[in-house]
Amino acid sequence: MQRKAVVLLITLGFIAIITMLVLHTVSLTKQSFDELLDIKAENQMMLLITNFEDILKKQNAKDFRDNFMDQDIPIIDSKSGLNVTVHCKDLTTRFNLNKLLSCIIKTNNTQCAKPIVNYLDKKELSDYYLFLEMLKDTYDIDHKEGLGGSELAIEDMDFQEGNITSFKTISRIKDEYFKLLKDPKVLDITKEDFEKVFYFYEEIYKDNNLTTPPNQEVCLSLGYEESNQECQDSFNTVVNSSNSKPYDTNKTKSLIQCSIKLYNGDNINQTTFKYNLSDKNKEKKLESIDEFF
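Residues numbered from 1 in each chain as written. Predicted model: local features only at pLDDT ≥ 70, side-chain atom pairs only at ≥ 80, totals over all residues. Heavy atoms only, no water.

Draft legend 1. Molecular detail of the state of the cysteines. Here the structure, examined in full by the defined rule, presents 3 disulfides. A disulfide bridge connects Cys88 with Cys258, and the sulfur atoms are separated by 2.2 Å. In this structure the cystine formed by Cys88 and Cys258 twists about its S-S bond by roughly 105°; its chirality is therefore right-handed. Within this pair, whereas Cys88 is found in strand 2 (residues 82–90), its partner Cys258 is found in strand 5 (residues 255–264), the two being separated by 170 residues in sequence. Using a relative accessible area of 0% as the deciding quantity, one classes Cys88 as buried. Residue Cys103 pairs covalently with Cys112 via a disulfide, S to S 2.1 Å. The sign of the 70° torsion about the S-S bond sets the Cys103-Cys112 disulfide as right-handed. The same class applies to Cys103 as to Cys112, namely buried. What connects to what in the protein chain, once the bonded cysteines are numbered by sequence position, is 1-6, 2-3, 4-5. (Disulfide = S-S within 2.5 Å. Helix = DSSP H or I, 4+ residues; strand = E, 2+ residues; numbered from the N terminus. Buried < 20%, exposed > 50% of the residue type's maximum accessible area, 1.4 Å probe, protein only.)

This is the structure we're talking about:
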């Protein structure tokens, strides 16, 4: 009887081991399949970006701004059955966050800090100065943390080595801020809301702004209740302050940011890219692909 029990235990042990191996194999197979689907989706997205870039190159910049900005553009491919929407927004009437942070750190210019401080203050953060310091901490001058004594400094947490490329960095800062203060107001800083005022791009390029007033959210960050000429003048003052370097005017950007959503059955994939919508064809080009999925 005892011998049968031992044999049964050994048999169950073998079954358990085989089951684990089978489950592991299935898991690997599913992982590989998911990776193939991701690669296929990325290839589809790159093809869509290329096709849309060809469309943009043929567009008159003013006509595109007047007729297609800030609305969803549907594209349906009958052959593949893919459903795509493209949404573009103008970046020339927003603030380049990296340039503002560079200006604050290198020149201590209060004009450059104004839109960030006002934006955070209107969110009613309990300590907007701490959040601003965390933002400044992304600008890594000497590979040391700018916010001495904080958890950021203790953990040696650099976010993007001085160049914030997407809202993902802001999300990390929000998480660290919440850990420190448990302030629920920080949750009101959403991607959609934040990117109505700021965008993310390299600081080395001069901003090229339109003569039309910036959007209302930008004006609120400057202390104005509506978009008007006073807001435009204040906006230009801040931008000119952050444009203090001798930038190469040939690299002046007329930037838009487009978000592509790819619907394939129940799956939705999304990416964003920046495009220089210049009136000169030779200057029209894809500037960056910010996020994949």
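Draft legend 2. Quick look at the packing of aromatic side chains. Counting across every chain of the model gives 10 aromatic pairs. Note on Phe52 and Phe273: the rings are 6.4 Å apart at their centroids and 70° apart in plane angle, and the pair reads as edge-to-face. With Phe52 in helix 1 (residues 2–57) and Phe273 in strand 6 (residues 267–276), the pair connects residues that are 221 residues apart, well separated along the chain. Here Phe52 falls in the buried class, since its relative accessible area comes to 4%. Phe273 gets classed as buried once you look at its relative accessible area, which sits at 0%. Cluster of aromatic residues (ring-pair linked, three or more members): Phe95, Tyr119, Phe167, Phe194, Phe198, Phe200 and Phe235. (Phe/Tyr/Trp six-rings, centres within 6.5 Å; stacked < 30°, edge-to-face > 60°.)

Draft legend 3. How the structure looks around empty space enclosed by the protein. Overall, the coordinates contain 3 cavities of 30 Å³ or more when judged by the stated rule. Considered as a void within the structure, the largest cavity measures approximately 70 Å³ in volume. If you go around the largest cavity, you meet 13 residues; those closest to its centre are Tyr199, Lys206, Asp207, Lys253 and Leu255. Residue composition of the lining of the largest cavity, by class: 5 nonpolar, 4 polar and 4 charged. When its volume is computed, the second largest cavity comes out at roughly 40 Å³. If you trace the second largest cavity, you find it lined by Thr165, Ser166, Lys191, Glu195, Phe200, Gln257, Thr272, Lys274, Asp290 and Glu291. (1 Å grid on protein atoms, 1.4 Å probe; cavity = no way out; pocket = protein on both sides within 12 Å on 5 of 7 lines; lining within 4 Å. Points joined across faces, edges and corners; volume = space filled by probe spheres on them. Nonpolar A, V, L, I, M, F, W, Y, C, P; charged D, E, K, R; others polar.)

Bear in mind that shape data such as this cannot, by itself, settle questions of function.
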